[in-house]
Amino acid sequence: MTRLQKGLWAAVAVAALGAGALAVTGSRAPEGATTAASSVVAEFELTGHDGVVRTEEDFRGTWTLVFFGFTNCPDVCPTTLAEIAQVMDDLGPQADAVQPLFVSVDSDRDRPEELAEYVPMFHPSILGLAGTPEQIEATAASFKIFYERVPEDAAPDGYTMGHTSQVFLFDPDGGFVRLYGYGTPAPEITADLRARIDARE
Amino acid sequence: MNRFSHAALVLGLFAVAAPVLAGGDDVVVEDAWSRASIGTSRPGAAYMTLRNTGAGPVVVSGLRTDLAMRSMIHSTTTDAQGVTRMSHMEEVEIAAGEAVALAPGGLHVMLMELQRPMVEGESFTLSVIFADGTEASVEVPILGIAARGPSD
């Protein structure tokens, strides 16, 4: 299977997931009750921008917000990083219960050092995660996300990246909860997180 | 010819030309902003609203700034599956009386090959070039790296 085909299958899976998430919201079914939603799992071994290797097990006990991007991304990634930074500020003391993770899909350019000079500038709580091409591919398969290299003459190194831009929420047990679509305003994410954190306390 | 008749001639030409094709003189640039960069190796972005106050359509055909070797308008699109991609817009048309917003997640000015870091608190001059050869210049403030809009 080519990378493009793999990507397309991942896109199909994300579409199915989106439909599942809608169904959950609409019927107020228990979180993670649909087959589609429960098929998303966070399984990864990646290196944090602090140089420490992390797996999903390291984040048990905390809500995690996971999103994908690359540091050469001028528009969407800084926008999402800025929204998440705002969410973390607005959560106040409850921010301690939430760990945002920015996973770079650009394994050629983004090593932990690149992420270290970029990600914390948005908010000190956000952890950047980098990996080898194989690690990123395995992570993408687990999250069922899509990413691709797009040739662009004017871009640094002659390429840019297309990628899934939603934000994934996982509960403290590591269970997939929901997606926030790209552009979901920070106050909306904050209110949703507050309600979920309160409900679990 | 005295100075007055020069002015009258210019006004006369303008009055004839204006209804046919609007240009940079008719475009008001509002709420321009950009985010600080880390160094110069990564592309930057700038946002603004271009309002065409003229009676005819205007076409944005290019950009120029000494901040970046290359600057162009890109469009970010997100498909039904939540996958986001960028593409270069050769031209952007603004209908008479309409405004086009360059905002996060949509159209944006892509600043490539930065000639200097974008430093919070500073600004840079961006010229918007129209198809008729006219230009509109705007001073773009550089906000913090985590800015979310022109008032941050």
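This is a predicted model, so every value here is computed, not measured. (Residues numbered from 1 in each chain as written. Chains lettered and ligands numbered in written order. Predicted model: local features only at pLDDT ≥ 70, side-chain atom pairs only at ≥ 80, totals over all residues.)

Student: What exactly am I supposed to notice about the overall build of chain A here?
Tutor: A count of helical and extended segments in chain A gives six helices and nine strands. Considering only contacts in chain A between residues 6 or more positions apart, those separated by 24 or more positions represent 66%. (Helix = DSSP H or I, 4+ residues; strand = E, 2+ residues; numbered from the N terminus. Contact = placed C-beta atoms within 7 Å.)

Student: Looking at this structure, I do not really get the overall build of chain B. What am I missing?
Tutor: Across its full length, chain B holds one helix and ten strands. Counting from the amino terminus, helix and strand elements in chain B follow one another as α-β-β-β-β-β-β-β-β-β-β. Scored against the burial criterion, the 152 residues of chain B give a buried share of 36%. Sequence-distant contacts in chain B: of pairs separated by 6 or more residues, those separated by 24 or more amount to 70%. (Buried ≥ 20, exposed ≤ 12 C-beta atoms within 10 Å, placed from the backbone.)

Student: What should I look at first to understand the interface of chain A and chain B in this one?
Tutor: The interface of chain A with chain B comprises 35 residues on the first partner and 27 residues on the second. Within the residue set of the side of chain A that touches chain B, elements represented by two or more residues are helix H1 (3-27), helix H3 (76-91), helix H4 (112-122) and strand S7 (159-164) of chain A. The element contributing the most residues to the side of chain A that touches chain B is H3 of chain A, with eight residues. Across two bridges, S7 of chain A lies against strand S5 (residues 83-89) of chain B in antiparallel orientation. (Pairing = 2+ DSSP bridges.)

Student: I keep staring at the sheet that holds strand S5 (residues 127-130) of chain A and nothing clicks. Help me out?
Tutor: Two orientations exist for strands paired in a sheet by backbone hydrogen bonds: parallel and antiparallel. Residues and elements named next belong to chain A. The seven strands are arranged S2-S1-S5-S4-S3-S8-S9 in an open sheet whose pairing can be described as mixed. Each of the sheet's edge strands pairs with one partner strand only, and the pair in question is strand S2 (53-55) and strand S9 (176-180). Neighbouring strand axes in the sheet, compared pairwise and without regard to direction, differ in orientation by 35° on average. Across two bridges, the pairing between strand S1 (residues 45-48) and S5 is antiparallel. (Axes fitted to C-alpha atoms, helices over the stretch in contact; angles between N-to-C directions.)

Student: Even after reading the chapter, I still don't get helix H5 (residues 133-143) of chain A, so can you show me in this structure?
Tutor: Structural remark: α-helix, 3.6 residues per turn; residues separated by three or four positions point the same way. All names here are of chain A. Inspection of H5 places Ile-136, Thr-139, Ala-140 and Phe-143 among the buried residues, and these make up the whole buried set. All buried residues of H5 fall inside an arc of 100° around its axis, so they share one side. Lys-144 sits one or two residues past H5 and shows a positive phi near 55°. (Arc of directions from axis to C-beta.)

Student: Help me understand the environment of Val-41 of chain A in this model?
Tutor: All names here are of chain A. Among the secondary structure elements, Val-41 is positioned in the loop between helix H2 (35-38) and S1. Take Val-41: there are 15 C-beta atoms within 10 Å of it, and that puts it in the partly exposed class. When the C-alpha positions of Val-41 and Met-121 are compared, they lie 28 Å apart, and in sequence the two are 80 residues distant. The residues contacting Val-41, other than those within four sequence positions of it, are Ser-142 and Phe-176.

Student: Just to check I follow, could you spell out the confidence of the model for chain B for this structure?
Tutor: Any residue range with low pLDDT should be treated as having predicted coordinates unsuitable for detailed reading. Residue and element names in this part refer to chain B. Looking at chain B, the pLDDT average stands at 87 and 86% of residues meet or exceed 70. Element-level pLDDT for chain B is lowest in helix H1 (residues 3-17), with a mean of 46, against a maximum mean of 97 in strand S7 (residues 99-102). In the predicted complex, the global pTM is 0.81; the interface-specific ipTM is 0.79. (pLDDT = per-residue confidence, 0-100.)

Student: Looking at this structure, how should I read the nonpolar core?
Tutor: Considering soluble globular proteins, one finds that nonpolar side chains tend to be buried as a cluster. The biggest cluster of nonpolar side chains holds 82 residues, and the ones touching the most others in it are Leu-81 and Phe-168 of chain A together with Ala-46 and Leu-111 of chain B. Sort the elements by how many residues they give to this core and H3 of chain A lands first, with eight residues. When residues no more than four places from it in sequence are discounted, the contact partners of Leu-111 of chain B are Pro-43, Gly-44, Ala-45, Ala-46, Leu-67, Ala-68 and Ser-71 of chain B. (Core = buried A, V, L, I, M, F, W, Y, C linked by C-beta atoms within 7 Å.)

Student: It is not clear to me how the environment of Val-59 of chain B should be interpreted in this structure. Could you clarify?
Tutor: Residue and element names in this part refer to chain B. As for its placement among the helices and strands, Val-59 is situated in strand S3 (residues 58-64). On the basis of neighbour counts, which here come to 16 C-beta atoms within 10 Å, the residue Val-59 falls in the partly exposed class. For the pair Val-59 and Gly-44, spaced 15 residues apart in sequence, the C-alpha to C-alpha distance is 23 Å. With near-sequence residues (within four places) excluded, Val-59 lies in contact with Glu-91, Glu-93, Phe-130 and Ala-131.

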